[in-house]
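Structural overview
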Amino acid sequence: MPELLTPLSANRAAGGWQHRFAHRSAVLDCDMKFAVYLPPQATAHHKVPVLYWLSGLTCTEENFIQKAGAQRMAAQLGLAIVCPDTSPRGDDVANDPGYDLGQGAGFYLNATQAPWAAHYRMHDYVVHELPALVEAELPILPVRGIAGHSMGGHGALTLALRNPGRYQSISAFAPICHPSATPWGQKAFRAYLGDHPDAWREWDASLLLAQARDPVPTLVDQGDADEFLARELQPEALENAARSAGYPLTLRRHAGYDHSYYFIASLIDEHLQHHARALIK
Ligand SMILES: N[C@@H](CCC(=O)N[C@@H](CSC=O)C(=O)NCC(=O)O)C(=O)O
């Protein structure tokens, strides 16, 4: 039987190991890469809980592991971090010249429209295929939190809200909160889902959260100097939905912070601690 994971790199980090692997995805029908940080507590005899990190537009599996500085706190807490790529990839995979559609911009949904539907099934990949793979091949427990940034914040919120019971904790940095009403989201939804308002509603975090019946502790951080705040992110839509649903959302605003990884690196320890409170007993 062929090896399921092809090692790409392994670097010692904070007493654990930062890995990158390639594998064949049946769900996406293409070769994919992902990164996983294994803390020192993860051994052949001891499995650890896991945080799935979803990156934003233009990112690969490498942005977070190189820029967020998460390894030291993950090692302290005993938390693995799995970072998928942001879309299917390859010469045979549909693409678009814009940075906000196609490869690097999968939006963590299952596309229904041609030409995207053939490969763009990032929801099923992140929720089902990748966890089954890492839980079978690596010392990782099926005890999961989910987090992300911007497009990946939208992904973290929607994947958790669509799959009650699968994630015990949620967090996001500067998420796209109401994509069916903002330009990045509308462009992606029109392409991937077609002009079908009912379908858009199923992938909009604020609209899903307003209907949520399974409360999961959720932390959202937003910088007030974020260049995308008013046009693309609209955290007030998420706040209003949480208020009307009585959902346990903590949304914090931070003076002077922009949309970059400097913001993420400044607060990532608090997000990891938020997840550890739910995942590590
Ligand atoms: N015009 C920019 C837009 C891309 C960008 O800002 N990407 C962010 C995520 S935005 C929402 O999903 C990002 O994380 N970039 C990578 C990084 O390492 O900072 C551009 O094309 O650069």
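Residues numbered from 1 in each chain as written. Predicted model: local features only at pLDDT ≥ 70, side-chain atom pairs only at ≥ 80, totals over all residues.

Identification of the protein as S-formylglutathione hydrolase from Amantichitinum ursilacus is taken from an unreviewed UniProt entry. The Function (unreviewed entry) comment attached to the protein in UniProt states, word for word, "Serine hydrolase involved in the detoxification of formaldehyde." Recorded under Catalytic activity (unreviewed entry), the UniProt text for the protein is reproduced unchanged: "S-formylglutathione + H2O = formate + glutathione + H(+)". (UniProt positions renumbered as here; feature names shortened; annotations may be inferred.)

1. Topic: the nonpolar core
Grouped together as the largest cluster of nonpolar side chains are 89 residues, with contacts concentrated most on Leu79, Ala80, Ile81, Val82 and Tyr192. Discounting chain neighbours no more than four positions away, the residues touching Leu79 are Pro39, Val48, Pro49, Leu51, Ala74, Leu272, His275, Ala276 and Leu279. (Core = buried A, V, L, I, M, F, W, Y, C linked by C-beta atoms within 7 Å. Buried ≥ 20, exposed ≤ 12 C-beta atoms within 10 Å, placed from the backbone. Contact = placed C-beta atoms within 7 Å.)

2. Quick look at helix H3 (residues 122-137)
Helix geometry: H3 is bent most strongly at Leu130, by close to 35°, with proline Pro131 lying one to four residues after it. Taken as a whole, H3 has its buried residues at Met122, His123, Tyr125, Val126, Val127, Leu130, Leu133 and Val134. (Bend = angle between axes of the 7 residues up to and from the residue. Helix = DSSP H or I, 4+ residues; strand = E, 2+ residues; numbered from the N terminus.)

3. A word on the environment of Pro175
Mapped onto the fold, Pro175 is located in the loop between strand S7 (169-173) and helix H5 (183-193). By the C-beta count within 10 Å, which is 34 here, Pro175 ends up buried. Distance in space between the C-alpha atoms of Pro175 and Pro235 is 7.6 Å, their sequence separation being 60 residues.

4. A word on the site of the ligand
Every residue close to the ligand is listed here: Gly56, Leu57, Thr58, Cys59, Asn63, Lys67, Tyr99, His149, Ser150, Met151, Ser260 and Tyr261. Taken together, the residues that form the shell around the ligand break down as 5 nonpolar, 6 polar and 1 charged. (Near = placed C-beta within 6 Å. Nonpolar A, V, L, I, M, F, W, Y, C, P; charged D, E, K, R; others polar.)

5. What to know about the sheet that holds strand S8 (residues 218-223)
Strand order in the open sheet made by the 9 strands is S1-S2-S3-S5-S4-S6-S7-S8-S9, with mixed pairing throughout. Of all strands in the sheet, those with a lone pairing partner are strand S1 (6-13) and strand S9 (249-254), marking the two edges. Sheet twist, expressed as the average angle between the axes of neighbouring strands with direction ignored, equals 20°. With 5 bridges joining them, strand S6 (residues 140-149) and S7 adopt parallel strand pairing. Across the sheet, Gly145 pairs through a bridge with Ser169, a residue of S7. Sitting on the sheet, helix H9 (residues 235-245) is in contact with S8 and S9, with an inclination near 150° to S9. Strands in contact with helix H10 (residues 261-279) are strand S4 (48-54), S6, S7 and S8; relative to S7, the strand with the most contacts, it is inclined by about 170°. (Pairing = 2+ DSSP bridges. Axes fitted to C-alpha atoms, helices over the stretch in contact; angles between N-to-C directions.)

6. What to know about the UniProt feature "active site" (unreviewed entry) in the protein
Mapped onto the present numbering, the UniProt feature "active site" (unreviewed entry) falls at Ser150, Asp226 and His259. Maximum C-alpha separation among the annotated residues is 10.8 Å over a sequence range of 110 residues, consistent with a single clustered spot. Here Ser150 is in contact with Gly56, Leu57, Ala174, Pro175, Ile176 and His259, once residues within four sequence places are set aside. Relative to the assigned elements, His259 resides in the loop between S9 and H10. Here His259 falls in the buried class, since 21 other C-beta atoms lie within 10 Å of it. Those residues within four positions of His259 in sequence are excluded, and the remaining contacts are Ser150, Ala174, Gly223, Asp226, Glu227 and Phe228.

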